[in-house]
Amino acid sequence: MNLTKSIRIQKGANIKILGEASKILKKNIVSSSFSIKPTDFFCITPKLFVKEGDKVKMGTPLFYSKENPKIKFVSPVSGTVRFIVRGAKRKILELIIDSDNKDSKIKYDVSFGNNEKIDSQKIKNLLLESGCWPFLKQRPYGILADPEISPKGIFISTIDKSPLGIDYEFILKSDIENFQRGVNVLNQLFYGNIYLGVDSKYPGFFENIKNVKIYDVKGPHPSGDISFHIQRISPINPGEKIWTINPEDVSNIGSFFKTGYFSPKRTIAIAGNVVENPKYYETIIGSELKSFLKDSKVDENVQIRCINGNILNGKTESSKGFIGYFNNLVSIIPEGNEYRMFGWLPFFNNKVLSLNNTSLSWLFNRKGSEVNTNLNGEERALVVTGEMEKFFPMDIYPMQLIKACLAGDIEKMEGLGIYEVIPEDFGLIDFSNTSKIEAQEIIREGIELMIKEVG
Amino acid sequence: MKNFFRNRLDLIKRNFQKGERFEKFAPALNAFDTFLFVPNHTTQKGSHIRDAVDLKRTMVTVIIALMPALIYGIYNTGYQYYTQLGESFTFFDAFFHGSLKIIPMIIVSYIVGLGIEFGFAVYRGHDVNEGYLVTGLLIPMIMPVDIPLWMVAISVAFAVLIAKEAFGGTGMNILNPALTARAFAFFAYPTYMSGNKVWVSEASNIDSISGETILGSLAAGQKVNYSMIDMFIGSIPGSIAETSTFWVIVGGLILILSGVGSWRIIVSGILGGAFMGLLFNLLGLNSLMEFSWINHLIVGGFAFGIVFMATDPVSAAQTNQGKWIYGFLVGVFCIMIRVFNPAYPEGVMLAILLMNVFAPTIDHYVVNANISKRKKRWSKEKLLKLE
C-alpha cells in the first residue's frame, strides 16, 4: 500500500454502545413510499418542479436549489408525489412519493466513445442533470458542491469510528467495480487529487483502488471525520474549496456511468440498544423506516427515538418516518424521559455512560453501554475549561471558537478556524461537556452567519 | 420512597407552572427539585446522548476534595485552643470545639450566599447555578477562626454581589469570589484578619492564648518554633483549613484524578513557587529570604491556594498553554509578595487575585498565536499561488 500520509490521532474517545449491527446484509425489503427531504441539504432553498399528484419516474427532477438552479434533486423511485409537507412559513420539509412498483426510469447517454477524450464539462452536466450532483459536499461549511468552481481536492473517508459506526468495506465489497469507476469519473472532473482515507488496521479492498492518493488513519473517534484529515493533509485557506463524498455515493456515481440510470442505492445499518437483530439492509434513499424496524425487531414496549445518522450528530426521525439522504446508519435508542434520584452524585449511577473521571462508567460498561436520550442535567454557563480540547484533535481552540460564534464575531471566527470545521465535528464535545452546551447548534448558527455575511 | 418524593414534588410544582400563582419562583423550586432528582429532560438538539457529568457533579466533587482539609481544620481549631490553654483533651473535644466555631460560619455563608443567588435567579428568571456550593464552603475555610459571623455575612454578600453577579453570574466572573470575600475582609477589617490575636480560637477573649502564623512571625522578624513536620501536618495557627499541607495534597489528588482540577495549574504553580523560593534562598538577604523554599511551599495558604483557588476554572486561564503560564506566575508572585511586603505576609491571596486579572490577557496571547499561525499559512499559500 503506497501511502500519501499516515494520520495518527490521540485525542478523542471511542463510545461503545450495545446493539452494533452484525455483518448480515438483507436485500429484499421494499418499501412502498419514499421521501426526499430538502432539509437534508445544508443551506439550500428548494424550488419545486412537481406538485402533489404528479407522476414521476425514477430520476425525474423534483426540485432545484434556488441558490444554484443547475443543481437538481431527483426522485429515487417511479410513482406519484403524494404529499408535500410544509412547515412554518410554508417551508418545504419533505416530498413523499408513493411507489407504483414499476421500473420506469430516465436514461442518460453516458457513452464517451472509445477514443473520445473525456470532457470534464460533459461529466459535470451529466452529474447535474441526472441528480447525482447532490452527493458532493463542499468545504468550507459542508454545503452542496458549487458546480461553477474547481476544488483543490476531493476527500473520501472510509473510516467510521462513531458510536455504532458502520463498516464501509462490508457494504461496498460487492461494488468494487462501481467504486473504482466513480473514482475515475470524479478524477476527470477537476485538476486536483482525490484522497481516500483508510483504516490503518483494516484497509480492506480500498487499498487497491487506483487513481487516488491513499492515507491511513489511526485513533479513536472522531478520527474518521474528514475535517481532521483535511487539516492534516491540505488545510483550507480562504477562497479554497474542497469537496467530500460518501463512499457509497462514489459507487452510485460509478453505477450511473455504467448504466445511464440514476442510482439511489443506500445500504443502511439499523442498530442500537433496543434493536434485537441489528443488521444491514440494502435499500433505496428515502425508504420508509417501518418495515426495517419490524424486521430487525425493535423493542416495541419502550418509547424509542430513531436517528438518521449516528447518535452524536444524526437527525431525529419519527418511527413512521423515512431514511435520510446521506446516512448509512439509523440508530435506535430509548427515550430517557425519567427521573433519577440523586443522579448527580459522583461515582454513583455508574451504568450511565460517561467519559468523565467523576464516574466509573469505564469500569461498568466494558462490553458497551445502554444509552438513552436523557440530558443528565441542565444547561449551565460554561464553567469547566480544558475538557473540549480533549475530544477535538485539531489545532483549533474549540471553546474559543464556540464563544466567537455565540458573539457573532466574524473576524474572530475566521481566525479561529471556522472554515475548517463543520458542526458534526463537535458531536463528541456536545456529548461530553459539563455545561450541556449545544456546541453543534452554535457552530451551525455561526456557519450560517458566515454564509450570509461572507459567502 | 423515590415515587413518594417525586409525586409530592410534582404536586407542588403545579403551582409554579407558567400562568400559576408562584410562576416567578419556579427557579427556586427547580433548584430543590434538581437537587433531589436529575430531571427528565431529553436532548432536543445536537448530540442525542449526553455524558452523566453535569455541573452539580463537578461541584460536589470539589466539595468532596475539600472535606479532608476542612475536617482537619476543625480539629486543628480545637487543638490549637486546648494546647494553648494547657488543658488535656481528646480528639473529640478538639473536634467539638472546632465544630462549634466553624459550622456556624459555614451555615451563615451558605444562607447569605445562596439567598442572594436564589434572589438573582428568581429576578433574572434563570436556573440557580451550582457554583456557590463550592464558594460558600471555601469562604469560611480561608477565614481566621475568630472572625465575627456578621463579617462573614458581609464578605459573602460583597463577593457574590460585586465579584460575581455584577459580572453576569456564574461563569462570567473575573475574580475568584471566595478570595474576593477574603480580600474584602482583609482590607475592611484588618484587625480581625491579621496580628497574633485572631488565628487561635478565643485568643481575643483570653489573654493566655495567642498565636501568630509562621509567615507573620517571620515578617515581624521573630523566630519560628514549629518543625517542618508540624507545618506539613498542619498543627500550626492559620486560617481554618489552610494549615495542613498533607490533607490539601489529598484533596488535590482527588481533584486531579477526577479531572475536575487542572493538574497543569497545580504543577506549574508549585514549580513557580519553588523557583522563586530557590532564587530568594540564593540571595538570602533577610530572614524571609533565607526561609527554605520547601518550607515556603508548605506553610501558609500556598498549598491550599494553588490547589483549590488557582484552579477555579472560571477565573483561571482557559487555554492549556495559558494554564502553565498562569500557574507558574501565581507561584512566583505568591513567594515574591511574601518576601517583599511584610505587611501582607500571606501572598497567595493577592497573587491569585492578581493573576485572575491577567488570565484573560494570557489567554488572549495564546489564542492570538493560533490565529496568527493560521493567517501566516493563508498568506504563504497566497504567495505560492502568485508564483
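Residues numbered from 1 in each chain as written. Chains lettered and ligands numbered in written order. Predicted model: local features only at pLDDT ≥ 70, side-chain atom pairs only at ≥ 80, totals over all residues.

(A) Focus on the overall build of chain A. Broken down by element type, chain A carries 11 helices and 21 strands. The C-alpha radius of gyration of chain A comes to 22 Å, within 12% of the 23 Å expected for a compact globule of 455 residues. For chain A, the spread of C-alpha atoms along the three principal axes comes to 70 × 50 × 50 Å. Relative to its full complement of 455 residues, chain A shows a buried share of 53%. Counting only contacts in chain A whose residues sit at least 6 apart along the sequence, the fraction spanning at least 24 positions is 67%. (Helix = DSSP H or I, 4+ residues; strand = E, 2+ residues; numbered from the N terminus. Rg over C-alpha atoms; globule rule 2.2 N^0.38 Å. Buried ≥ 20, exposed ≤ 12 C-beta atoms within 10 Å, placed from the backbone. Contact = placed C-beta atoms within 7 Å.)

(B) Molecular detail of the interface of chain B and chain A. At the interface, 52 residues of chain B touch 64 residues of chain A. Looking at the side of chain B that touches chain A, the elements with two or more residues in it are α1 (2-14), α2 (26-36), β1 (37-38), α3 (55-85) and α17 (348-386) of chain B. Element by element, the count of residues in the side of chain B that touches chain A is highest for α17 of chain B, at eight residues. As paired elements, strand β21 (residues 340-341) of chain A and β1 of chain B share two bridges and run antiparallel to each other. Residue pairing across strands places Arg340 of chain A opposite Val38 of chain B, the latter belonging to β1 of chain B. (Pairing = 2+ DSSP bridges.)

(C) Here's a closer look at the sheet that holds strand β18 (residues 304-308) of chain A. Residues and elements named next belong to chain A. Spatially, six strands are ordered β2-β17-β16-β20-β18-β19 in an open sheet, and the strand pairing comes out mixed. This sheet does not close on itself; its edge strands, each paired only once, are β2 (22-26) and β19 (315-317). Neighbour-to-neighbour, the strand axes of the sheet open up by a mean angle of 30 degrees, direction not taken into account. Taken together, the six bridges between strand β16 (residues 265-271) and strand β17 (residues 279-284) define a ladder with antiparallel strand orientation. From the neighbouring strand, Ala269 faces β17, where its bridge partner is Tyr280. (Axes fitted to C-alpha atoms, helices over the stretch in contact; angles between N-to-C directions.)

(D) Molecular detail of helix α11 (residues 439-453) of chain A. Residues and elements named next belong to chain A. The terminal C-alpha atoms of α11, which comprises 15 residues, lie 21 Å apart, in line with the 21 Å expected from a rise of 1.5 Å per residue. Within the sequence span of α11, burial applies to Ala439, Gln440, Ile442, Ile443, Arg444, Gly446 and Ile447. The secondary structure elements touched by the buried residues of α11 are α8 (398-407), α9 (410-416) and α10 (427-432). (Expected span 1.5 Å × (residues − 1).)

(E) Layout of the packing of helix α1 (residues 120-130) of chain A against helix α3 (residues 176-189) of chain A. All names here are of chain A. The geometry of α1 relative to α3 is characterised by a closest axis approach of 8 Å and an angle of 120 degrees between their N-to-C directions. Judged by the angle between their axes, α1 and α3 are oblique. Handedness of the crossing formed by α1 with α3: left-handed. On the side of α1, the interface is formed by Ser120, Ile123 and Lys124, while α3 contributes Val185, Gln188 and Leu189. Classifying every residue of the contact of α1 with α3 gives three nonpolar, two polar and one charged. (Parallel < 35°, antiparallel > 145°, perpendicular 65-115°, else oblique. Left-handed = near helix turned anticlockwise from the far one by under 90°. Nonpolar A, V, L, I, M, F, W, Y, C, P; charged D, E, K, R; others polar.)

(F) The arrangement of the sheet that holds strand β8 (residues 79-86) of chain A in detail. Taken in spatial order, the four strands of this open sheet run β3-β9-β8-β5 (chain A), and their pairing is antiparallel. Each of the sheet's edge strands pairs with one partner strand only, and the pair in question is β3 (33-36) and β5 (55-56) of chain A.

(G) How the structure looks around the confidence of the model for chain A. Predicted confidence across chain A gives a mean pLDDT of 91, with 98% of residues reaching 70 or more. Mean pLDDT across the elements of chain A ranges from a minimum in helix α7 (residues 361-364) of chain A, with 87, to a maximum in strand β15 (residues 242-244) of chain A, with 96. (pLDDT = per-residue confidence, 0-100.)

(H) Representation of the environment of Lys218 of chain A within the structure. Residues and elements named next belong to chain A. Within the secondary structure, Lys218 is located in strand β14 (residues 213-218). Taking C-alpha positions, Lys218 is 17 Å from Lys16, a pair spaced 202 residues apart along the chain. Discounting chain neighbours no more than four positions away, the residues touching Lys218 are Arg8, Ile9 and Ser200.

(I) Geometry of helix α4 (residues 91-124) of chain B. Residue and element names in this part refer to chain B. The terminal C-alpha atoms of α4 lie 47 Å apart, and with 34 residues this matches the ideal 50 Å at 1.5 Å per residue to within 8%. Here α4 has its buried residues at Ala94, His97, Gly98, Ile102, Met105, Ser109, Val112, Gly113, Glu117 and Ala121. Of the surrounding secondary structure, the elements contacted by the buried residues of α4 are α2, α3, α5 (131-141) and α6 (149-164). Of the residues flanking the end of α4, it is Gly125, one or two places downstream, whose phi is positive at about 70 degrees.

(J) How the structure looks around unusual backbone geometry. Residue and element names in this part refer to chain A. For the bond running from Arg139 to Pro140, omega is -5 degrees, close enough to zero to count as cis. Positionally, Pro140 belongs in the loop between β10 (137-139) and β11 (143-144). The amide bond that connects His221 to the next residue, Pro222, takes the cis arrangement and shows omega of 10 degrees. For Pro222, the location among the structural elements is in the loop between β14 and α4 (226-233).

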